[in-house]
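Coordinates in review
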Amino acid sequence: MSEPLLCVRGVKTYYGRVQALKGVDLDVNDGEIVTLIGANGAGKSTLMMTVCGNPRAREGTITFAGRDITRLPTHEIARLKLAQAPEGRRIFPRMTVLENLQMGATTADPAEFDRDLERVVGLFPYLSRRLGQRGGTLSGGEQQMLAIARALMSRPRLLMLDEPSLGLAPLIVRQIFDAIRRLNAEQGLSVFLVEQNAFHALKLAHRGYVMVNGLITLTGSGRELLERPEVKSAYLEGGRQQVAR
Amino acid sequence: MDYFVQQLINGITLGSIYGLIAIGYTMVFGIVGMVNFAHGDVFMVSAFVALIAFLILTTWLGVTSVALSLFLMLVAAMLFTSLINWVIERVAYRPLRGSFRLAPLISAIGMSIFLSNFVQVSQGPLNKSVPPLVQREFVLFNRNNYPVTLSYKQLIIWGITAVLLLAFWYLVARTRLGRAQRACEQDKKMAALVGIDVDRTIAITFVIAAALAAVAGTMYVMYYGVVSFSDGFVPGVKAFTAAVLGGIGSLPGAVVGGLLIGLIETLWSAYFSIDYKDVAAFSILAITLIFLPQGLFGRPDVEKV
Ligand SMILES: Nc1ncnc2c1ncn2[C@@H]1O[C@H](COP(=O)(O)OP(=O)(O)OP(=O)(O)O)[C@@H](O)[C@H]1O
Ligand SMILES: [Mg+2]
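Just so we're clear, the structure is a prediction, and the values are computed from it rather than from any experiment. (Residues numbered from 1 in each chain as written. Chains lettered and ligands numbered in written order. Predicted model: local features only at pLDDT ≥ 70, side-chain atom pairs only at ≥ 80, totals over all residues. Heavy atoms only, no water.)

Our next topic: the overall build of chain B. In terms of helices and strands, chain B carries eleven helices and four strands. In summary, chain B has a C-alpha radius of gyration of 20 Å against a globular reference of 19 Å for 305 residues, a match within 12%. In terms of principal-axis extent, the alpha carbons of chain B reach across some 65 × 50 × 35 Å. The 305 residues of chain B split such that 52% are buried. Within chain B, contacts between residues at least 6 apart in sequence are counted, and of these 76% link residues at least 24 apart. Surface exposure of chain B reaches about 14,100 Å², of which carbon and sulfur atoms provide 70%. Across chain B, 19 positive and 14 negative side-chain charges occur, with their mean positions spaced 8 Å apart. (Helix = DSSP H or I, 4+ residues; strand = E, 2+ residues; numbered from the N terminus. Rg over C-alpha atoms; globule rule 2.2 N^0.38 Å. Buried < 20%, exposed > 50% of the residue type's maximum accessible area, 1.4 Å probe, protein only. Contact = heavy atoms within 4.5 Å. Areas by Shrake-Rupley, 256 points an atom, 1.4 Å probe, with all protein chains shown as cover. Lys, Arg positive; Asp, Glu negative; His and termini not counted. Charge placed at Lys NZ, Arg CZ, Asp CG, Glu CD.)

Taken together, the contacts link 21 residues of chain B with 29 residues of chain A. Taking both sides of the interface into account, the surface hidden between chain B and chain A amounts to around 2,400 Å²; carbon and sulfur atoms contribute 56%. The tally of links from chain B across to chain A stands at two salt bridges. The residue Asp 187 of chain B makes a salt bridge to Arg 90 of chain A at a minimum N-O spacing of 2.7 Å. Where chain B touches chain A, the interface holds seven residue pairs in polar contact (both at pLDDT 80 or more). Going through the elements one at a time, helix H6 (176–186) and helix H7 (188–193) of chain B are the ones with two or more residues in the side of chain B that touches chain A. The leading source of residues in the side of chain B that touches chain A is H6 of chain B, at seven residues. (Buried area = accessible area lost by both parts, 1.4 Å probe. Salt bridge = Lys/Arg side-chain N within 4 Å of Asp/Glu carboxyl O. Polar contact = N/O pair within 3.5 Å; in protein donor to acceptor, adjacent residues only side chain to side chain.)

A few words now on the coordination of the magnesium ion (ligand 2). Residue and element names in this part refer to chain A. Distances from the magnesium ion (ligand 2) to its protein donors, namely Ser 45 (OG) and Glu 87 (OE), fall within the range 1.9 to 2.3 Å. Of this pair, Ser 45 sits in helix H1 (residues 44–51) while Glu 87 sits in the loop between strand E6 (82–85) and helix H3 (97–104); the two residues are 42 residues apart in sequence, bridging distant segments of the chain. On the basis of relative accessible area, Ser 45 is assigned to the buried category, the value being 16%. (Donors = N, O, S within 2.8 Å, 3.2 Å for Na, K, Ca; no water.)

In this section: the domain arrangement of chain A. All names here are of chain A. Annotation of chain A at the domain level lists domain 1 (6–81 + 156–244) and domain 2 (91–154). The gap between the C-alpha centroids of domain 1 and domain 2 is 23 Å. Contacts between domain 1 and domain 2 engage 16 residues on the former and 13 residues on the latter. Counting every contact that joins domain 1 to domain 2 gives two residue pairs in polar contact (both at pLDDT 80 or more). Among the elements of the structure, helix H2 (74–79), strand E7 (158–162) and helix H7 (170–187) are those that each provide at least two residues to the side of domain 1 that touches domain 2. A class-by-class count of the residues in the side of domain 1 that touches domain 2 yields eleven nonpolar, one polar and four charged. (Domains from an automatic or database assignment. Nonpolar A, V, L, I, M, F, W, Y, C, P; charged D, E, K, R; others polar.)

Within the structure shown, the criterion is met by zero disulfides over all chains. Lacking any disulfide linkage, Cys 184 of chain B is separated from the closest cysteine sulfur, that of Cys 52 of chain A, by 16 Å. The buried category is assigned to Cys 184 of chain B, whose relative accessible area is 1%. (Disulfide = S-S within 2.5 Å.)

Taking 1.5 Å per residue, 21 residues should reach 30 Å; helix H10 (residues 251–271) of chain B reaches 30 Å between its end C-alpha atoms and fits that length. For H10 of chain B, the N-terminal capping position is held by Ser 250 of chain B, with its side-chain oxygen 2.9 Å away from the main-chain nitrogen of Gly 253 of chain B. (Expected span 1.5 Å × (residues − 1).)

The subject of this paragraph is the site of ligand 1. All names here are of chain A. Around ligand 1 sit 13 residues in total, of which Lys 44, Ser 45, Thr 46, Glu 87 and Gln 196 are the nearest. Tyr 15 places a polar side-chain atom, nitrogen or oxygen, 3.5 Å from a nitrogen atom of ligand 1. The separation between an oxygen atom of ligand 1 and a polar main-chain atom of Gly 43 is 2.9 Å. Surface burial for ligand 1 is 59%, taken as the share of its 640 Å² of free accessible area covered by protein chains. (Near = heavy atom within 4 Å.)

Before going further, it helps to spend a moment on the side chain of Thr 106 of chain A. Its place among the elements puts Thr 106 of chain A in the loop between H3 and helix H4 (113–123). Relative accessible area serves as the criterion here: at 17%, Thr 106 of chain A is assigned to the buried category.

Residues and elements named next belong to chain B. At a closest axis distance of 9 Å, the pairing of helix H1 (residues 2–32) and helix H5 (residues 152–174) adopts a crossing angle of 30°. By the angle between their directions, the pair H1 and H5 is classed as roughly parallel. Remark: the crossing between H1 and H5 carries left-handed chirality. Here Ile 9, Asn 10, Ile 12, Thr 13, Ser 16, Ile 17, Leu 20, Ile 23 and Met 27 of H1 come into contact with H5, specifically with Gln 154, Ile 157, Trp 158, Thr 161, Leu 164, Leu 165 and Phe 168. (Axes fitted to C-alpha atoms, helices over the stretch in contact; angles between N-to-C directions. Parallel < 35°, antiparallel > 145°, perpendicular 65-115°, else oblique. Left-handed = near helix turned anticlockwise from the far one by under 90°.)

With that settled, the discussion passes to the side chain of Thr 81 of chain B. All names here are of chain B. Residue position: Thr 81 is located in helix H3 (residues 66–93). On the basis of relative accessibility, which here comes to 1%, the residue Thr 81 falls in the buried class. For Thr 81, the contacting residues outside a window of four places in its chain are Val 42, Ser 46, Ala 210 and Ala 214.

Written as C-alpha cells, this is what we have:
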C-alpha cells in the first residue's frame, strides 16, 4: 500500500483562542472519493482551509503527494495541483465567467487553456452560454458549477469541494454528483468532499469520515457509514426522504 | 471664447498629470483598501529624480538632445521611484497587513513626512528649477489679437498620457497580471487558493503606481520647470480628490476625475481668483464626500457575494 495522496495527522487549528480542530487524522488515497460529514460548526470547512494553509495548523502535519505542506504558503500549495471550491463558492464577482475560469487555470500550462476550457465546459454545458456574464450576476446554482469548473481548470490531482450541493435544486445536485463520479471513474481524479447531503455523498464515496466538534469520530467505507445507527439518526433523515420522493 | 479654449487646453494638461497620480491612489486603494498618503510625496520624489537626472545628463554627460534627455529622465524617474515604492510597501505596509485598519494609514502618513523631510534636508528647502526644455508652440488660431496656443510641452504630456493609459488599460483588462490584480482586489483568500501570490501582486501594484506617478513627476518638472520638497502635498491631495471624485477604486474614474479637477482648477483661476484655486479643489473633495460618496464611477454593488 503506497502512501496516501493527502495525509492529515494530528492537526489542531485555532481561531484566536477558540480551538476549531482538536487533532484530526484523515487520508485521501490516489483515485479515491472521500466524504466528510458533520454537523454545522463541526470544523469541516476549517479542515479544508487548513489543508490549504489558511488558517494554518498550529500542531500536526499535512502532507500532499509526499510533500510536507504544513507550512507552505497557500499559493504554493495550489501550485502542487491541489484545488479547492471553498465554502460560499467565492466566485470573483466582477470578473466574467471566462475570467473566473482563467483564474482557475493560474497554475496550469497556458498552452493547454483552450483544451481545458472545452473539457470543463463540456462537463457543465450551462456555462458555455454564459462565458461573458459577470460572475456576481450568476444564479446560485450557476455559481456553484462555475466554482467546480474553476477548480478543475488547474487539472488538479486532488479536488476539494466544500458543500457543492448547498442550496441547489435536486436535479442540479444530481448533475454535479454525476460529474464528480465521472471525473473520478474516467480520469482517476481524487476527490475530497464535504457535504450536508450525507446520503448521496456517502453513496458516492469510497470512504467517509464523520466529524464532531473538531474531532473525527467515525470512519469507514461509504456503505458502512450509511448503515451505522448513529449516522442514520444524526445525518440521514433528510437523505431518506429525498430518496423516497 | 478664445480665452476659454486656451483654458481648456491648459486644464487638460494639468488634468493629465493629476489623472496619472490619481491612478496610483485608486489602484492601491482597490487592492489593499488603504489610502496611500505617501503617494503624493512619491510623486514629488520622482520629480526630484527627474531633475537630478537632467542635471547629470546635461552638465556631466553633455547630452544635448532634448528628446534623449527627456526620455532618460523619464526612465530614471520611473526606475528609481518604483524601487522606492517597492521598499516602502515592503517595510512600512506589508508587516501591518492584517493588523488593525488604521495601522497602515498611520504608517503611510509617517512615510509621507519621512519622504518630504528627507528631500528637504538632502536637497534644501528652496525651489529647484531647470531651464525650459521644450519651448516651441503652435498658434492654433489668432483672432482679436489673442493667440490660442498649444505648446509642444502640452502635446508631449497629452501624448504620453494617452499612450500610457492605453497600455495600462490593456494591462489591467487583458493580461494575466491584470487579472491577478483584479482577483486580489475582489477576494484575496480565493486568489491565493487558485495559486496567485497575493503579496507579490500587491508589490507589483505599488511599483506600477509609482511608475505612473514618476511619469507625472517628470512631466511636472518639464512643464513648470520648478519643484520643491513640499510639492508632494497639494498635487497629492488634488489627485486624491480626483480619485474620490471618479469613485475610488475605479480606474476610468481616476482619469476622468483627474481631468475634471485639472479643468475646474484652471477655469477657476482663469475666471475667478487664482488665490483660491486650491480651495476650489478641496471644496470639491468635501462636496463629493458628502453628496456623492461613491464618486462618478463608483460601483453600484449589485452582485451577490
Ligand atoms: N473566521 C473564524 N473566526 C472565528 N471562529 C471561526 C471562524 N471560522 C469558523 N469559526 C468557528 O470554527 C468552528 C468550525 O467552523 P467551520 O466553518 O469549520 O464548521 P463547518 O463544519 O464547516 O460548519 P458548516 O457545516 O456550518 O459549514 C465553528 O465553531 C465556527 O464558529
Ligand atoms: Mg462549512
